[in-house]
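Survey of secondary and tertiary structure
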Amino acid sequence: WESSEYAVLASGVDYPDALCAAPLASKYNAPIVLAENRSLNNQSSLLKLLKSKGVKHVFLVGGTGVIPASFKNELLAQGITSKRLGGKNRYETSIEIAKEVGHESGEIAIANAWGFADGLSISSIAAKRNMPIILTPQNNIPDKVAEYINSLGIRRTFVIGASGVVSDSVAGKLPNVERLGGQHRYATNKAVFDRFKNDLDQGNLYIASAVDFPDALSVSALAGKESAFVVLSNLRRAEADVKNIITSNRPYLKNIYVLGSNALIGDNVLYDLSINFIR
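The shown structure was predicted, so the numbers you read here are calculated from the model rather than taken from an experiment.

Things to note about the nonpolar core
Across soluble globular proteins, you tend to see nonpolar side chains buried next to one another. Val8, Ile32, Ile122 and Leu273 are the most contacted members of the largest nonpolar core, which has 82 residues in total. Among the elements that line this core, the one with the most residues is helix 5 (residues 117-129), at six residues. The residues contacting isoleucine 32, other than those within four sequence positions of it, are Val8, Ala10, Ala21, Ala22, Ala25, Leu217, Ser218, Ser220 and Ala221. Formed by 16 residues, the second largest nonpolar core is a distinct cluster that contains Ala7, Leu9, Leu40 and Val58.

What follows is the structure, encoded as structure tokens:
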């Protein structure tokens, strides 16, 4: 973004609230920017970034326990208004974000609230499709989540992950379910890619860590904006499912963007994916 009227601020140290941010960012054509859990006035690089992009409105994703209450007045002092989207817990926060996104698409994605990988696998797709991501536990649907979903008239629910992360009993209580899952996070990532690849611009791919959330989260809004996909990778070896995505996509590929330095995802992983030119 050379400039942006809106920005979405999410915690860079905890993932549940931030997992649902990509569709919100897409709706307002906003970047996702990670914040620390301390005064904004003590985060000079973040403040400089907001000002340099001309941001006028900010969504604060999560409660004051992850993004301090002081942000509101600190932003106002810079001429930036803010709206906080947060609930009593991670489930209610996901609903507040979903309400802001809206349900015009007729679709929702359901992901486990206690792990980040599956939510990240659907994030860029959800951003592209204006599809809210709603969090649940593995084995039950919180009452407020069930009430909200039942009020929407949803025509398609994508359950992300195998029954070990979102149980069949939970899926059975949701409207018009299509499950996208595999044996592990890499297989689920591939299942999501395979389901939506014909709707994507397959010329660009992003590769981000599968074992931590900030990098994949940060790029999810950009990937959604570009109709691209975020591939989740192991840090020290090339997983078979990742190889399959790269291989099947190779005739269309123009650019692969790797999030993080080679101290995070090693160059050997990229070489094993037959990516031989790295800059």
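The rest of the description comes next.
Describing the sheet that holds strand 2 (residues 32-35)
Read across the open sheet, the four strands follow the order 2-1-3-4; overall the sheet is parallel. The outermost strands of the open sheet, each flanked by one partner alone, are strand 2 and strand 4 (81-85). Between one strand axis and the next, the sheet turns by 30° as a mean value, whatever way the strands run. With four bridges joining them, strand 1 (residues 6-11) and strand 3 (residues 57-61) adopt parallel strand pairing. Following the sheet pairing, tyrosine 6 is matched in strand 3 by histidine 57. Across the sheet, helix 9 (residues 214-225) lies against strand 1 and strand 2, angled at about 150° from strand 2, the strand it touches most.

Thresholds applied
Residues numbered from 1 in each chain as written. Predicted model: local features only at pLDDT ≥ 70, side-chain atom pairs only at ≥ 80, totals over all residues. Heavy atoms only, no water. Core = buried A, V, L, I, M, F, W, Y, C linked by side-chain atoms within 4.5 Å. Buried < 20%, exposed > 50% of the residue type's maximum accessible area, 1.4 Å probe, protein only. Helix = DSSP H or I, 4+ residues; strand = E, 2+ residues; numbered from the N terminus. Contact = heavy atoms within 4.5 Å. Pairing = 2+ DSSP bridges. Axes fitted to C-alpha atoms, helices over the stretch in contact; angles between N-to-C directions.

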